[in-house]
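Chain by chain, the residues run as shown.
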Amino acid sequence: MFDRFINLEMSRSRQTVVNIAAGILNMLVGTAISFVLSPYIVKTLGVEANGFVSLAQNFINYISLAATALNSMGSRFLMMAYYNDDHDRFRRYYSSLFFANLLLALVFGVLSAICVWKLEVLLQIPAQILGDVKLLFALLFGNFVISTMITVWTTAPFIKNRLYLNSITTATSSVIRAALLLGLFLCLEPSVCFLGIGTLVSGCVGYGLQFIYKRSLFPKLRARWKDFSWSAIWELLSSGIWNTISNIGHMLTTGVDLLVSNLFVSANAMGVLSVAHTMPAFINTLNETIANVFTPSLIMDYAQDKKENLVKTIHQSSKIISVICSLPLGFLLVYGREFYSLWQPTQNEQLLYELSAIIIFGRVFFTGMQPLFSVFTVVNKVKEHSIIMVINGVASVGLMYILLSCTDLGVYAIAGASVVCCFLKNVLFVVPFSAKYLGLKPTSFYRVLTPSVACCVILTGWGFLMKLFLKPTGWLGLIAAGVIFVAVGVCLTGCVVMNKEERRYLTSLIKSKFHR
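Quick caveat, the model's predicted, so the values are computed rather than measured.

Enquirer: Summarise the overall build of the protein; cite the residues concerned and give the values.
Expert: Along the protein, the regular secondary structure elements total 23 helices and zero strands. Within the protein, buried positions represent 53% of all 516 residues. In the form shown here, the protein has an accessible surface area of approximately 22500 Å², with 67% of it arising from carbon and sulfur atoms.

Printed below as a string of structure tokens:
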């Protein structure tokens, strides 16, 4: 029965709606856990402890750059070989990725051990939580090493366009993690290392499910040493290395802000900024979750030389993403102060609201353009994008340093610098060059930005109008305001942003969930 569920045949439109629904559900489960857990950690362990959880993940992002070079284009090359019926290349890519990742996992294990051993030299850590923070880093690094070993298994649902399987895996792991954390915090003295225990245990469950998916979707596929190819590794690295460079730029833009806060402001400022990042991160995750659903379709259209379908998918997906993702963005801009006063009662809600508003400002313009980032991967043109990302990251860090040195903005400077640089990068490079690589006029995709701006203007206008009559003071009132805001907002934005054909397309997606 499980195998039949995994291999259930669906139309492309039905796959899309199921993938979107599963992705959103998974994202909501993870966000709900963070939503409950974050204020508890802040209250019981202090805002600094919450900051170290996010910082540990940032450290993992730093050391994963080598894995990114190898694996970031793996799904693309495997998918191109699979849909071109080149089975020899498909097996060669798979086996090469598997054995290369085993070697990387060994290297990461050694580097992680050294990092944990000298952690107090690298960071400012309050003495009373030093041991717990070290154990937290050790457990999270251990989970990362295991995930590196099995990375190639996760490509199976992507290749078959069954991304909902990955969402089910992540949601299952999140629920197990939440249950384990609840038991640990209730039964033992609270410790930040519990998050590492929950992540490692739930991660292992997820890895088991990924193996089951791979075995069911590709039952005859095995990693064999005789299929290992250095030329395949080089082909993957020569393309993927640019994604690593791009990730370095991304980290410089958005991934070093907590580290800069820790080193140049204070551990407390790092913790506050970490909390302020939570809701913008939720919006960003929602954005990427929906956009990634369309990536396999883009690759299939490109592999089959269906450029017209590819461009149509980009425009349709940009509107769908704008309508959905602008809802939490608009609500946070309107009711952010009320939300933070209830969610983090021990913190300054005005400061949290202002930082969050700064962080999400760029989303007002670029919510719907997320599919354009996939174009660089689809057409295997990531070099220029990577170079621009690094320039953007260096500029962001430089702007942070200038603002910290010449002004008293403090944590505001750290939050705002990356927003300014990303705005310029998206307008001047991502939009025109994604069109150029598809053989279109450089100005072709600027209209992709229109739905984002329109949705945000409509929703914030509606929200502030609603706030004149509805000013919640408790959770029930805020939830009621959210329901009303979303119900009216999705109708307004859907009617204004989408034309009749696109609304009919959305209707067909919904119907396809129930009819084969």
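Enquirer: Any chance you could break down the packing of helix α16 (residues 349-360) against helix α20 (residues 411-436) for me, citing the residues and the numbers?
Expert: Following both chains from N to C, one finds α16 and α20 inclined at 20°, their axes separated by 8 Å at the closest point. On the basis of the axis angle, α16 is roughly parallel to α20. Of the two possible hands of crossing, α16 and α20 adopt the one that is right-handed. Residues Leu351, Glu354, Leu355, Ile358 and Ile359 of α16 pack against Val411, Tyr412, Ala415, Gly416 and Val419 of α20. Of the residues in the contact of α16 with α20, the class split is eight nonpolar, one polar and one charged.

Enquirer: Describe the side chain of Ser202, with residues and values.
Expert: With respect to the helices and strands, Ser202 occurs in helix α11 (residues 194-217). You can call Ser202 buried: its relative accessible area is 4%. For Ser202, the residues in contact, after removing those within four places along its chain, are Ser173, Ile176 and Arg177.

Enquirer: Go over α16 with me, naming the residues and quoting the values.
Expert: Compared with the 16 Å implied by 1.5 Å per residue over 12 residues, the 16 Å span of α16 between its first and last C-alpha is a close match. Those residues of α16 that fall on the buried side of the exposure criterion are Leu352, Tyr353, Leu355, Ser356, Ile359 and Ile360. Along the axis of α16, the buried positions cluster into a sector of 170°, meaning they face one direction only.

Enquirer: So what's going on with the packing of aromatic side chains? Residues and values would help.
Expert: As enumerated under the stated definition, the model contains 23 aromatic pairs in all. Aromatic pair Phe90 and Phe218: ring centres 5.5 Å apart, planes at 40°, arrangement tilted. Separated by 128 residues along the polypeptide, Phe90 in helix α6 (residues 87-117) and Phe218 in the loop between α11 and α12 (230-255) bring together distant segments of the chain. Between the aromatic rings of Phe228 and Trp230, the centroid separation amounts to 5.0 Å while the plane-to-plane angle is 90°, which identifies the pairing as edge-to-face. The buried category is assigned to Phe228, whose relative accessible area is 16%. Assessed through its relative accessible area of 66%, Trp230 is described here as exposed. Each member of the aromatic cluster is reached from another via a ring pair, and the members are Phe98, Phe99, Trp225, Phe228 and Trp230.

Enquirer: Can you break down the confidence of the model for the protein residue by residue, with the values?
Expert: Here the protein shows a mean pLDDT of 79. Residues at 70 or above account for 83%. Looking over the protein, one finds the lowest element-wise mean pLDDT in helix α1 (residues 2-6), namely 57, and the highest in helix α21 (residues 449-467), namely 89. Considering only residues more than four positions removed or in separate chains, one finds that residues 512-516, a stretch of pLDDT under 50, has 10 contacts.

Enquirer: Which residues make up the pattern of salt bridges, and what are the values?
Expert: Tallied over the full model, the rule gives four salt bridges. Between Asp88 and Arg91 there is a salt bridge, with the nearest N and O atoms lying 2.5 Å from each other. Placement of the pair is Asp88 and Arg91 together in helix α6, with a separation of three residues, close to one helical turn. Between Glu338 and Lys467 there is a salt bridge whose closest N-O contact spans 3.1 Å. Within this pair, whereas Glu338 is found in helix α15 (residues 307-343), its partner Lys467 is found in helix α21, the two being separated by 129 residues in sequence. For the pair Glu338 and Lys467, one class covers both residues: buried.

What counts and how
- Residues numbered from 1 in each chain as written.
- Predicted model: local features only at pLDDT ≥ 70, side-chain atom pairs only at ≥ 80, totals over all residues.
- Heavy atoms only, no water.
- Helix = DSSP H or I, 4+ residues; strand = E, 2+ residues; numbered from the N terminus.
- Buried < 20%, exposed > 50% of the residue type's maximum accessible area, 1.4 Å probe, protein only.
- Areas by Shrake-Rupley, 256 points an atom, 1.4 Å probe, with all protein chains shown as cover.
- Axes fitted to C-alpha atoms, helices over the stretch in contact; angles between N-to-C directions.
- Parallel < 35°, antiparallel > 145°, perpendicular 65-115°, else oblique.
- Left-handed = near helix turned anticlockwise from the far one by under 90°.
- Contact = heavy atoms within 4.5 Å.
- Nonpolar A, V, L, I, M, F, W, Y, C, P; charged D, E, K, R; others polar.
- Expected span 1.5 Å × (residues − 1).
- Arc of directions from axis to C-beta.
- Phe/Tyr/Trp six-rings, centres within 6.5 Å; stacked < 30°, edge-to-face > 60°.
- pLDDT = per-residue confidence, 0-100.
- Salt bridge = Lys/Arg side-chain N within 4 Å of Asp/Glu carboxyl O.

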